[in-house]
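For reference, the chains in residue letters:
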There are 2 protein chains.
Amino acid sequence: MKKLDHPVPPGGTIGIVGGGQLGRMLAMAAARLGLQTCIYNDTPDAPAFQVTEQAMDAPYDDLDMLASFAEVCDAVTFEFENLPAHAIAHLAERVWVAPGAHALAMTQDRLTEKTFVEKLGLKTAPFFDVTSADQARAAFAKLNGRGILKTRRFGYDGKGQTKVASADETVKAFESFKGAPSILEGFVDFSCEVSVIAARGHDGAFAAYDPPENVHENHILRRSTVPSRLSAAQVDDAKAIARKIADALDYVGVLAVELFVGQDGSLLVNEIAPRVHNSGHWTIEACQCSQFEQHIRAVAGWPLGDASRHADVVMENIIGAEADAWEALAKTGALHLYGKAQARPGRKMGHVTRLKDKS
Amino acid sequence: MKKLDHPVPPGGTIGIVGGGQLGRMLAMAAARLGLQTCIYNDTPDAPAFQVTEQAMDAPYDDLDMLASFAEVCDAVTFEFENLPAHAIAHLAERVWVAPGAHALAMTQDRLTEKTFVEKLGLKTAPFFDVTSADQARAAFAKLNGRGILKTRRFGYDGKGQTKVASADETVKAFESFKGAPSILEGFVDFSCEVSVIAARGHDGAFAAYDPPENVHENHILRRSTVPSRLSAAQVDDAKAIARKIADALDYVGVLAVELFVGQDGSLLVNEIAPRVHNSGHWTIEACQCSQFEQHIRAVAGWPLGDASRHADVVMENIIGAEADAWEALAKTGALHLYGKAQARPGRKMGHVTRLKDKS
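A quick note: this is a predicted structure, and the numbers were derived from the prediction, not measured.

### Notes on the overall build of chain A
Within chain A one finds 11 helices and 17 strands. Computed over C-alpha atoms, the radius of gyration of chain A comes to 20 Å, within 12% of the 21 Å expected from 2.2 N^0.38 for 359 residues, which places it in the range of a compact globule. The dimensions of chain A, computed from C-alpha atoms along their principal axes, are 60 × 50 × 40 Å. Here chain A holds 359 residues, and 53% of them are scored as buried.

### Overview of the relation of the copies chain B and chain A
Of the transformation superimposing chain B on chain A, the axial component is 0.0 Å and the angular component is 180°, with the fit at an RMSD of 0.0 Å. Between the two chains, the operation in question is that of a two-fold axis. Interface overlap between copies is the fraction of interface residues in one copy that are interface residues in the other; for chain B against chain A it reaches 100%, indicating a shared surface.

### Structural notes on the domain arrangement of chain A
When the domains of chain A are assigned, the result is domain 1 (13-97), domain 2 (126-186) and domain 3 (190-356). The C-alpha centroid of domain 2 of chain A is placed 34 Å from the C-alpha centroid of domain 1 of chain A.

### Looking at the environment of R24 of chain B
Residues and elements named next belong to chain B. Inspection of the secondary structure assignment puts R24 in helix α1 (residues 21-32). In this structure R24 comes out as buried when scored by C-beta crowding, with 29 C-beta atoms within 10 Å. Measuring from C-alpha to C-alpha, the distance between R24 and A330 comes to 20 Å, with 306 residues separating the pair along the chain. Discounting residues that sit within four places of it in the chain, R24 has contacts with P47, A48, V51, Y338 and G339.

### Description of helix α1 (residues 21-32) of chain A
Helix length check: α1 of chain A, at 12 residues, gives a terminal C-alpha distance of 17 Å against a target of 16 Å (1.5 Å per residue), a fit within 8%. In terms of burial, α1 of chain A is a largely internal element, 12 of the 12 residues being buried. Of all the positions in α1 of chain A, only Q21, L22, G23, R24, M25, L26, A27, M28, A29, A30, A31 and R32 of chain A are classed as buried. Buried-residue contacts for α1 of chain A involve β1 (13-17), β2 (36-41), α10 (291-299) and β17 (348-356) of chain A together with α1 and β16 (334-337) of chain B. Taken from the residues just after α1 of chain A, G34 of chain A is the one with a positive phi, measuring 80°.

### A word on the packing of helix α6 (residues 133-141) of chain A against helix α7 (residues 167-176) of chain A
All names here are of chain A. Relative orientation of the contacting elements α6 and α7 amounts to 140°, with a least axis distance of 8 Å. The angle between α6 and α7 places the two elements in the oblique class. For the pair α6 and α7, the sense of crossing is right-handed. In this structure, α6 contributes A133, A136, R137, F140 and A141 to the contact, and α7 contributes A167, T170, V171 and F174. For the contact of α6 with α7, the class distribution of residues is 7 nonpolar, 1 polar and 1 charged.

### A short note on the sheet that holds strand β8 (residues 182-186) of chain B
Backbone-to-backbone hydrogen bonds pair the strands of a sheet. The strands run either parallel or antiparallel. Residue and element names in this part refer to chain B. Pairing within the open sheet is antiparallel, and its 4 strands lie in the order β5-β8-β6-β7. The outermost strands of the open sheet, each flanked by one partner alone, are β5 (127-130) and β7 (161-164). Neighbouring strand axes in the sheet, compared pairwise and without regard to direction, differ in orientation by 25° on average. Both strand β6 (residues 147-151) and β8 contribute to a ladder of 5 bridges, which runs antiparallel.

### Quick look at unusual backbone geometry
Residue and element names in this part refer to chain A. In the segment running from V226 into P227, the intervening peptide bond is cis, with an omega of 0°. With respect to the helices and strands, the residue P227 is situated in the loop between β12 (220-226) and α8 (232-248). Located in the positive-phi region is K178, a residue other than glycine, with phi close to 55°. Checked against the element boundaries, K178 lands in the loop between α7 and β8 (182-186). Classification of K178 as exposed rests on a count of 7 C-beta atoms within 10 Å. One non-glycine residue, H219, lies in the positive phi region at around 70°.

### As for the sheet that holds strand β3 (residues 54-57) of chain B
All names here are of chain B. One open sheet accounts for 4 strands, arranged β3-β2-β1-β4; its pairing is parallel. A single partner strand is all that each edge strand has here, and the edge strands are β3 and β4 (75-78). Strand-to-strand, the axes of this sheet are offset by a mean angle of 20°, without reference to chain direction. Where strand β1 (residues 13-17) lies against β4, 4 bridges are found, and the strand directions are parallel. Bridge pairing in β4 links I14 to A75.

### Remarks on the environment of E175 of chain A
Here E175 of chain A is to be found in helix α7. For the pair E175 of chain A and S132 of chain A, spaced 43 residues apart in sequence, the C-alpha to C-alpha distance is 9.0 Å.

### Some thoughts on the confidence of the model for chain A
Residues of chain A with pLDDT of at least 70 account for 99%, and the chain-wide mean is 95. Two summary scores accompany this predicted model of the complex, namely pTM at 0.96 and ipTM at 0.94.

### With respect to the environment of S290 of chain A
Residues and elements named next belong to chain A. Relative to the helices and strands, S290 resides in the loop between α9 (283-286) and α10. The exposure class of S290 is buried, given the 29 C-beta atoms found within 10 Å. Taking C-alpha positions, S290 is 7.3 Å from A307, a pair spaced 17 residues apart along the chain. With near-sequence residues (within four places) excluded, S290 lies in contact with A29, T283 and I284.

### Some thoughts on the packing of α1 of chain B against helix α10 (residues 291-299) of chain B
Residue and element names in this part refer to chain B. Running from amino to carboxyl end, α1 crosses α10 at an angle of 70°, the nearest separation of the two axes being 8 Å. As summarised for this structure, α1 and α10 are arranged roughly perpendicular, according to the angle between their axes. Here the hand of the crossing between α1 and α10 comes out right-handed. For the pair α1 and α10, the contacting residues are M25, L26, A29, A30 and R32 in the first and F292, E293, H295 and I296 in the second. Of the residues in the contact of α1 with α10, the class split is 6 nonpolar, 1 polar and 2 charged.

Rules used throughout
- Residues numbered from 1 in each chain as written.
- Chains lettered and ligands numbered in written order.
- Predicted model: local features only at pLDDT ≥ 70, side-chain atom pairs only at ≥ 80, totals over all residues.
- Helix = DSSP H or I, 4+ residues; strand = E, 2+ residues; numbered from the N terminus.
- Rg over C-alpha atoms; globule rule 2.2 N^0.38 Å.
- Buried ≥ 20, exposed ≤ 12 C-beta atoms within 10 Å, placed from the backbone.
- Least-squares fit on C-alpha atoms with pLDDT ≥ 70 in both.
- Contact = placed C-beta atoms within 7 Å.
- Domains from an automatic or database assignment.
- Expected span 1.5 Å × (residues − 1).
- Axes fitted to C-alpha atoms, helices over the stretch in contact; angles between N-to-C directions.
- Parallel < 35°, antiparallel > 145°, perpendicular 65-115°, else oblique.
- Left-handed = near helix turned anticlockwise from the far one by under 90°.
- Nonpolar A, V, L, I, M, F, W, Y, C, P; charged D, E, K, R; others polar.
- Pairing = 2+ DSSP bridges.
- pLDDT = per-residue confidence, 0-100.

Here it is in structure tokens:
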């Protein structure tokens, strides 16, 4: 595995695997720091291609192209966690990669992730391994009547998950996943959802943003509001959870930890995303150093930036055809559009951030 | 002259003439809005080329290339005001150009600019046309013993200007300019320098940022601080001056008005820059809509953004070899580096913005 011997200097090149909106905003943050970027994407129409000079369009498992990519980059990072393990390893032999293969592998599999979280002494919803119809039935019996069956791998925005309220439904859901290894999670009656966006530097330094309170609609993030309704003590606890996870993974970069807030105020880890996160987009306007710049700083071995917040803020996603109202939306706040030509239903087309004076 | 019939929609292309740091930051602001950019620069190593897919490298008076450029753009703007008038006209016949040829012509010539300002009833330092050695002597005699001789055209960062304290020095300075048409300005004993960064929309809407207080060293901006020491009434007056100028020029886009604050508190117009301005870089972090986004919004016919400020802020330029200390600087604030390979003395390499809670 390649190490980073010294920080990537201005003028150096950060490779970003994945050219969607996260890759695009990462590239723009790198440019602010005087760093160049090379975007690697498996289709030619990537939003991030519009904001950089250097781009490669090839399959994510094309080892020759990945090697060429590694050749022009001083450090490589990812906008998503689902690159095949052998492709990540192929890159990591050639160039400094952050977050590392270990952290990516850990979060690619819900069972591994939840087991890891539990071993750290952190709370999660109850969860059970499901690899057969019998196991599905047995797992459901251990819940209090409601659960969610999720495929262990490749889920996002609600894809690969189904709510279940009986053993029969659990078996049916498992069959609809064509028998893909899954986990059954107990349903959590949460009072709200929050997330912690945090960064761990190459030197182990840690910085966390104030946790936003998140509202989802149809499994897609609708709105993040900061400050959340968490108490100061809960905010500290939430940040400490993120730090425990980041330290245990020897993590370098930004990670997001999604948390359920139980009716009793307890914080349950729902999911770890080893990357910048939709619920952290408000940091572009409300903080001196955004999550995107923070991630680039960490990956490039630079000192972390200031994560403190100097305004209250609400971020709302613009989904599908909502983007047609761009002119009206531009009047209401800081409008971000991702350069996507087609507004398919459920597709994240942009977001709007609205600031107000800090309360 | 081409008009703008409807706002440039997301996915449309804004042409930017000039690929330095201003063009670079304009391109990044356009990208946030989902707009594409094409950068036109007369050398191939332009900082702005690094942050866009579309770029053209050709002389600023290459009419064929300018026509090709106009062809791919839905609107065109400038990062600097010194494009030759016939080149601007050539563009304006083919594509919507903002700010317009009239505003650019007005600010390209110090005599025209100062005369225009005076006719608006605004204060300036006393100034005199100097086109001969005799005129230089006669002009100096009208001052109170100190003045600055400036070439009428193509001056920036102190280039083409010399302080003079006698008629002989004035003649010598005029000769050192090789007889270029000049103006002699009376020396103003100001208490401080401020600037107003303001925007006027396609629809005549107006928005001004809080005026920063500016400190120059060796004729180059060193530091901008907001809030300035201006009183609330002076802030209103300063913004009103910018509005008067913008309205009189039927201006579209961001403009900067540099003001001297006299010992008696009066505001004297020093210079008008028909573009985004170094003393407005702090708006990236401290405002919901930066000067760069504001300019792109105006040029594209979009509604103006919110120019209110939600933090106190100091912006410092990084000049020449100071950029070598990038790692230390990155610890102190939001670091911006412009992607310039060579750190020549006096060259603006980047800036650092430091926020604190609003006072």
